[in-house]
Amino acid sequence: MVGPSLAGTLANYTNSYQYALRATAFVVVGALCLISGLKYEKVKVEELAT
């Protein structure tokens, strides 16, 4: 009885762990895009100002 429930819990944990990893990667990539986008905008504005 303990084996299957333990396996189910482990599988559930692994799935949510992979989901969390994916979500974290997505957030990191999104943040990097945002930061580089802001830097690009800043450079564009500085070029226009000069």
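Residues numbered from 1 in each chain as written. Predicted model: local features only at pLDDT ≥ 70, side-chain atom pairs only at ≥ 80, totals over all residues. Heavy atoms only, no water.

The helix and strand inventory of the protein stands at one helix and zero strands. For a compact globule of 50 residues, the expected C-alpha radius of gyration is about 10 Å, and the protein comes in at 22 Å, more than 25% above that figure. In terms of its C-alpha atoms, the protein occupies a principal-axis envelope of roughly 75 × 5 × 5 Å. Each of the 50 residues in the protein was classed as buried or not, and the buried ones make up 0%. Approximately 4,800 Å² of the protein is accessible, and the part contributed by carbon and sulfur atoms is 73%. (Helix = DSSP H or I, 4+ residues; strand = E, 2+ residues; numbered from the N terminus. Rg over C-alpha atoms; globule rule 2.2 N^0.38 Å. Buried < 20%, exposed > 50% of the residue type's maximum accessible area, 1.4 Å probe, protein only. Areas by Shrake-Rupley, 256 points an atom, 1.4 Å probe, with all protein chains shown as cover.)

This model, assessed by the stated rule, comprises one aromatic pair. Geometrically, the ring pair formed by Y13 and Y17 is stacked, given 6.1 Å between the ring centres and 20° between the ring planes. Of this pair, Y13 and Y17 both sit in helix α1 (residues 2-49), four residues apart, which is roughly one turn of that helix. (Phe/Tyr/Trp six-rings, centres within 6.5 Å; stacked < 30°, edge-to-face > 60°.)

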